[in-house]
Amino acid sequence: MDLTATGLAPLHTALRRLYDEDYALFHRLFAGGRAPLQPALDTVAGLLAERGLAERDGGELRAAVRFHRLGDDLLATDHPGYTGRDRVLYLSDNESLLLARNLPDCTGRRVLDVGAGSGVQAVAARRRGAAAVTSIDISPRAVAMTRFNLALNGLPADDVHLVGLADFTAAAPFDIVVNNPPFVPVPPGTPFMTSGAGGLDGLDFVRLLVDRLPDLLHERGELHLTTLSPGGRHVSEVELLLLGLAGDRPYRLRVREVFGRPCPIAESLAPFKGHADLDAWQAELAERGYTHMHNLLIALTPAAAPAFERSVLTPAVELHPGNKGSTTWDGLHAEIRLALESAR
Ligand SMILES: C[S@@+](CC[C@H](N)C(=O)[O-])C[C@H]1O[C@@H](n2cnc3c(N)ncnc32)[C@H](O)[C@@H]1O
């Protein structure tokens, strides 16, 4: 697959034309993964095949990537058939797209996109007027996909870096940090995608992020985060971590509980049945005070006085083709089961 981030204008035009003129065909090709070859596909098939992003197979065109639509932009992610641990995740309505759609006005501000994946947050921040967006990811495949997607949409693609969060240093702190971390609780030794594996309680990456924020975020800067977090029934661990981080500074912590309710922890661990001793795992989490799993959309922003707001939110389902959404806990657990299967 050639993800070189140059010369992509003809592909963008062809994809948009296909989308506008034959939405059903676009959907079939990129959500279903294959479509019968026909004149409407001629241009796009040629451009995709040149880069190994699709191949002709008998009378069909098979897509090797999935294209999603976000506003006027198109974003490639890995096809579900790709089983590498470095799979670049599709854009889900309850996380990636939810965060992207809820980014603040970034006009004139410097944004850090942590764990860029497909680059969806970088594209969204640019569209909200960011003066500069730096993207980092530990995965070479994600870095290539981010550069590709920025260039595909005519955006600067040179500030994308292959570096882990622990090792990243910046010349100056950022005005906005955006992150959708690997947050799935995964017991040690269980193979899982790099984009999802968050350690025993799912918080390995988030703890690192909270540690790094004082260096990376301007004192009056903002954090926008979507994550799963274990916790009690009413408050999650990540909220406590962020309240601790804000300390005495006047910050507003705005938390939205996605899916409307937290999930009892036993249900959250159930997708790992057969991969781990669920009782022992649950007991270990209970010792830490974790009885529920929360799916959260979080904004930590400067305020005149400290504030903590909590509300519930049901994610909108985006009907653009190629977008796959979880709008319930069951849907999210089904996706975790699939990820486990493909990581074997
Ligand atoms: C859940 S995906 C989010 C992708 C994208 N930002 C989005 O919103 O769809 C998490 C990303 O974090 C990256 N990642 C995992 N560990 C990392 C680390 N230590 N430093 C930087 N990125 C990391 C993964 O490779 C993956 O691309």
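Nothing here was measured: the structure is a model prediction, and the numbers come from that model.

(A) Summary view of the overall build of the protein. Per the secondary structure count, the protein includes eleven helices and 14 strands. Since a compact globule built from 344 residues should have a radius of gyration of about 20 Å, the 20 Å found for the protein is in line with a globular shape. If one aligns the C-alpha atoms of the protein with their principal axes, the spans along those axes are about 60 × 50 × 35 Å. Across the protein, every contact between residues at least 6 apart in sequence was considered, and the portion connecting residues at least 24 apart equals 72%. Accessible surface, the protein as shown: approximately 13900 Å² in total, 52% of it carbon and sulfur. The centroid of the 34 positive side-chain charges in the protein is displaced by 3 Å from the centroid of its 42 negative side-chain charges.

(B) Quick peek at a nonpolar patch on the surface. Nonpolar side chains collect at one region of the surface, where Leu 240, Leu 243 and Phe 308 lie side by side and expose about 250 Å² of accessible area between them. With respect to the helices, strands and loops of the structure, Leu 240 is situated in helix α8 (residues 237-246).

(C) Spotlight on the domain arrangement of the protein. When cut into domains, the protein gives domain 1 (9-63) and domain 2 (82-343). Domain 1 and domain 2 are separated by 31 Å when their C-alpha centres are compared.

(D) Focus on the packing of helix α7 (residues 204-216) against α8. At their nearest, the axes of α7 and α8 sit 11 Å apart, and the two run at 10° to each other. Compared by their axis directions, α7 and α8 come out roughly parallel. On the side of α7, the interface is formed by Val 206, Arg 207, Val 210, Leu 213 and Pro 214, while α8 contributes Glu 237, Val 238, Leu 241, Leu 242 and Leu 245.

(E) Spotlight on the packing of helix α1 (residues 9-21) against helix α3 (residues 42-50). At their nearest, the axes of α1 and α3 sit 9 Å apart, and the two run at 140° to each other. Relative to α3, the element α1 is oriented oblique. Between α1 and α3 the crossing geometry is left-handed. Across the interface between the two elements, Pro 10, Leu 11, Ala 14, Leu 15 and Leu 18 from α1 touch Thr 43, Val 44, Leu 47 and Leu 48 from α3. Taken together, the residues that form the contact of α1 with α3 break down as eight nonpolar, one polar and no charged.

Rules behind the numbers
Residues numbered from 1 in each chain as written. Predicted model: local features only at pLDDT ≥ 70, side-chain atom pairs only at ≥ 80, totals over all residues. Heavy atoms only, no water. Helix = DSSP H or I, 4+ residues; strand = E, 2+ residues; numbered from the N terminus. Rg over C-alpha atoms; globule rule 2.2 N^0.38 Å. Contact = heavy atoms within 4.5 Å. Areas by Shrake-Rupley, 256 points an atom, 1.4 Å probe, with all protein chains shown as cover. Lys, Arg positive; Asp, Glu negative; His and termini not counted. Charge placed at Lys NZ, Arg CZ, Asp CG, Glu CD. Patch = residues over 30% accessible without salt bridge, like charges linked within 9 Å, V, L, I, M, F, W, Y side chains within 5 Å. Salt bridge = Lys/Arg side-chain N within 4 Å of Asp/Glu carboxyl O. Domains from an automatic or database assignment. Axes fitted to C-alpha atoms, helices over the stretch in contact; angles between N-to-C directions. Parallel < 35°, antiparallel > 145°, perpendicular 65-115°, else oblique. Left-handed = near helix turned anticlockwise from the far one by under 90°. Nonpolar A, V, L, I, M, F, W, Y, C, P; charged D, E, K, R; others polar.

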